[in-house]
There are 2 protein chains.
Amino acid sequence: MSVTAPAGFVAAGAAVGIKPTGHPDLALVATASGRAVEAAAVFTANRSAAAPVEISRAHLETTGGRAAGVLLTSGNANAATGDAGRAAAAELCALAASGIGVPTEEVLICQTGLIGVPFPIATVRPTVGGVVRTLAGGADAARAAATAIMTTDTARKEVLVDGGGFLVGGMAKGAAMLAPDMATMLAVLTTDAGCEAGLLRRLLAEAVGETFNRLSVDGCTSTNDTVIVLASGARPAVPPAALGRSLAEACRSLAEQMAEDAEGATKVVRFGVVGARSDDEAHRAARKVADSLLVKCSLNGEDPYWGRVVSEVASAGVGFELDRVAVAYGGVEVCGHGEAVEHDEAAVARHLAGRHLELTVDLGLGTGRAVVLGTDLGYGYIDENRTTS
Amino acid sequence: MSVTAPAGFVAAGAAVGIKPTGHPDLALVATASGRAVEAAAVFTANRSAAAPVEISRAHLETTGGRAAGVLLTSGNANAATGDAGRAAAAELCALAASGIGVPTEEVLICQTGLIGVPFPIATVRPTVGGVVRTLAGGADAARAAATAIMTTDTARKEVLVDGGGFLVGGMAKGAAMLAPDMATMLAVLTTDAGCEAGLLRRLLAEAVGETFNRLSVDGCTSTNDTVIVLASGARPAVPPAALGRSLAEACRSLAEQMAEDAEGATKVVRFGVVGARSDDEAHRAARKVADSLLVKCSLNGEDPYWGRVVSEVASAGVGFELDRVAVAYGGVEVCGHGEAVEHDEAAVARHLAGRHLELTVDLGLGTGRAVVLGTDLGYGYIDENRTTS
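Note on numbering: residues in each chain are counted from 1, in written sequence order. Chain letters and ligand numbers both follow the written order, the letters beginning at A and the numbers at 1. Since the coordinates come from a predicted model, pLDDT governs what is reported: local features require at least 70, and pairs of side-chain atoms require 80 or more to be given and counted, while whole-chain, interface and lining totals use all residues. Where side-chain values are given, they derive from all heavy atoms of the structure, hydrogens and water being excluded.

Undergrad: Break down the overall build of chain A for me, citing the residues and quoting the values.
TA: A tally of helices and strands in chain A yields twelve helices and 16 strands. Here the C-alpha radius of gyration of chain A, 22 Å, is about what a compact globule of 389 residues would show, namely 21 Å. Based on the C-alpha atoms only, the size of chain A along its principal axes is roughly 70 × 50 × 35 Å. We call a residue buried when its accessible area falls under 20% of the maximum for its residue type, exposed when it is over 50%, and partly exposed in between, using a 1.4 Å probe and counting protein chains only. Counting over 389 residues, chain A shows a buried share of 60%. The contact rule is simple, with two residues in contact once any of their heavy atoms fall within 4.5 Å. Expressed as a percentage of contacts within chain A between residues at least 6 apart in sequence, the contacts between residues at least 24 apart total 78%. Approximately 12900 Å² of chain A is accessible, and the part contributed by carbon and sulfur atoms is 50%. Computed over 31 positive and 43 negative side-chain charges, the separation of the two mean positions in chain A equals 4 Å. Each helix is a run of H or I in the DSSP string that is no shorter than four residues. Each strand is a run of E no shorter than two, and both are numbered from the N terminus. To get the radius of gyration, use the C-alpha atoms; to get the globule rule, take the number of residues to the power 0.38 and multiply by 2.2 Å. Working definition of accessibility: Shrake-Rupley area with a 1.4 Å probe, residue cover restricted to the visible protein chains. Under the convention used here, Asp and Glu are negative, Lys and Arg are positive, and both His and the chain ends fall outside the count. Where a charge lies is defined by one atom per residue type, namely NZ (Lys), CZ (Arg), CG (Asp) and CD (Glu).

Written out as structure tokens, the structure is:
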């Protein structure tokens, strides 16, 4: 159970012909009542925002933060597709809205796949109404929706958080072009908690900031990134702090599922920085290390070459004094005061041989701290991304 | 002929036991007269500058921009090596200076290799005087020096520019950890042109800015990057502009040689951006594209997936309006006004099948332009960087 678990939501997924493989490629998440509820979203910071991002942003502005459903497609990003792309995204919303029986502006849209390829609206147009009619509650419907948003993902990404008196469910896709602001990812969250749209937007932004925006597989920020939350209000009296914690927990789980499924990765790595002058500087330093090709190659080879880690932090543009720096793998310090230190090499080798790694840099300057979730770099990433055909 | 070609310079190279392989690992470039001449340098922007960078910077400050020689070692970067590393770098300068017969401050030092490994000064100490005694003019000596600074380089990197009445010679190393400010690279240039140290510093900084700092193999900025020029003054009446042009030409050739020898690369790519609001924005956009893992993978696969190029430029933090953007491979426009355009696909495929590629983005906003020299990303880069052993 995921997006359909919180009271008041239904979902559907189907194959409508966007993907040449014939795999499922259209999903819907909607309110069971067919009426709009409070909604909020966070969109990509990429200036080449795709048509669905433009349309969803405009719809949320028009409604003041309400939506009855979200339509999602995979296999074509509908990005860099000009006026025809915008028209296609708007038409998809209109078709779903007509099926549900609400105004077009109450349907939001997310799309993912290849950039710059005209969206095959003629193929999809006749199918949307039929998918709307399959909207249902239950785990199967949620699973069908989560399946239909996968692209290079090898596993469905679903989550359910019990907030104590309310639920947060979610689904997501994302395996590469993954970097904060935001990862190439789509996520739809549902909750039965009641929450006014403005507050919901703030809680979602905070949750995204500490989860999806702390994930980097390749430092690439996509054109289509979107996280949407719908709040049905079936459980009206939920404290905002409790809802915020549960939203963050759901986002964290989905982000971790993306890291686990990252293209070509053999390691999932928590890149931690502590002792920075500020949390922001810690975050910048951690991202610099997480995105370093040389560090990622070392981790792929299970080589504790901390010299590259120090070099990256020292070129991250943050406060840095070499003789205060320490580096640890799996809690074993290999560099202290900016120099090699005697350590248990077998313990480090055992840690690096695992799948889940911890690499921590202590800058020794303050109390700022951050963790960025990332991966190593292996042949598989190149294989996956050499060609689109 | 390279560093020994301009009148007044000698060189040497030898194997002194830093590299476990026994390959040459110590080089010297010095004035034939044994007296200091005008000198200038550009150093890494990395805040974890290695011991040799600290020592060379201090020496140049003490002398006000004069040097009689440069000692270079390969196989150990002497970076993140603490007080012992600084003492080792200072001692190497003192040993070379003693052999040449000048004050310690008149010798500069460059080192390259592994970071964080204590420098084996006890091994090298007894050998420096002997290498000084082999200093000689001619092509063989220059070649020996250029060979002794190689690490993962597969080819020596030498250059000779005839400025018309004066010469600029140079040698360099660099194959990865290559990104501006500066590439992981060392370069020593010599010229027989006369030039006062302050002016020489400005001319060198300009030459480096438009050559080495426009090169990116992996976006990693190293701890040891150094470019040094020595001007013997044997040809006193050289116009500064002519010297600046020749220095830039020498640096450009060495930078191109580094790109040709980049670890694991199968393509050398000129990433051009035109139509930016400023040259600086063009440079930032070109670097974002050149450092993109996804773009580099596409080029490795000879796939003209321009959507990724647009996405990267749009997240580079520069002025961007999608409907003004054009992208071309080898001069063939594949995207115009932010959308796919009909084009000669066979011509693009032929271009991408070659080794030297041109990828140009026109932002359509102004007159700013820049070119960054980069590479694709292949298995070889991972192989080279998985382990240091």
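Still more to cover.
Undergrad: Tell me about the interface of chain B and chain A, and please be specific about residues and values.
TA: Contacts between the two partners involve 54 residues from chain B and, on the opposite side, 54 residues from chain A. Contact with chain A buries area across many residues of chain B, yet B:Arg47, B:Leu293 and B:Tyr379 alone supply 15% of it, more than any other trio. Distance and chemistry together define a polar contact, namely a pair of N or O atoms within 3.5 Å, with one atom able to donate a hydrogen and the other to accept it when in protein, and with adjacent residues in sequence counting only for side-chain atoms on both sides. Across the chain B-chain A interface, the total number found is two residue pairs in polar contact (both at pLDDT 80 or more). When residues of the side of chain B that touches chain A are traced back to their parent elements, those giving at least two are helix H2 (82-100), strand S6 (107-114), helix H9 (293-300), helix H10 (306-314), strand S14 (339-340) and helix H12 (379-385) of chain B. Tallying contributions element by element places H10(B) first for the side of chain B that touches chain A, with seven residues. Residues of the side of chain B that touches chain A, tallied by class, amount to 20 nonpolar, 24 polar and ten charged. As a working definition, buried area equals the accessible area (1.4 Å probe) given up by two parts on being put together, with both sides summed. When residues are grouped by polarity, Ala, Val, Leu, Ile, Met, Phe, Trp, Tyr, Cys and Pro land in nonpolar, Asp, Glu, Lys and Arg in charged, and all others, Gly among them, in polar.

Undergrad: With reference to specific residues and values, describe the sheet that holds strand S3 (residues 37-43) of chain A.
TA: Residue and element names in this part refer to chain A. Taken together, six strands build an open sheet; the order of strands is S4-S3-S10-S9-S8-S7 and the sheet is mixed. Both outer strands of the open sheet, strand S4 (66-67) and strand S7 (157-162), are each paired with one neighbouring strand and no more. Pairing of S3 with S4 involves two bridges; the strand directions are antiparallel. Opposite Glu38, over in S4, you have Arg66 as the bridge partner. Axis definition: a line fitted to C-alpha atoms, limited for helices to the stretch in contact. Angles are taken between N-to-C directions and run from 0 to 180 degrees. Relative to S3, helix H6 (residues 197-209) is tilted by about 35°, and along the sheet it contacts S3, strand S9 (186-193) and strand S10 (226-235). We treat two strands as partners when DSSP finds at least two bridges between them.

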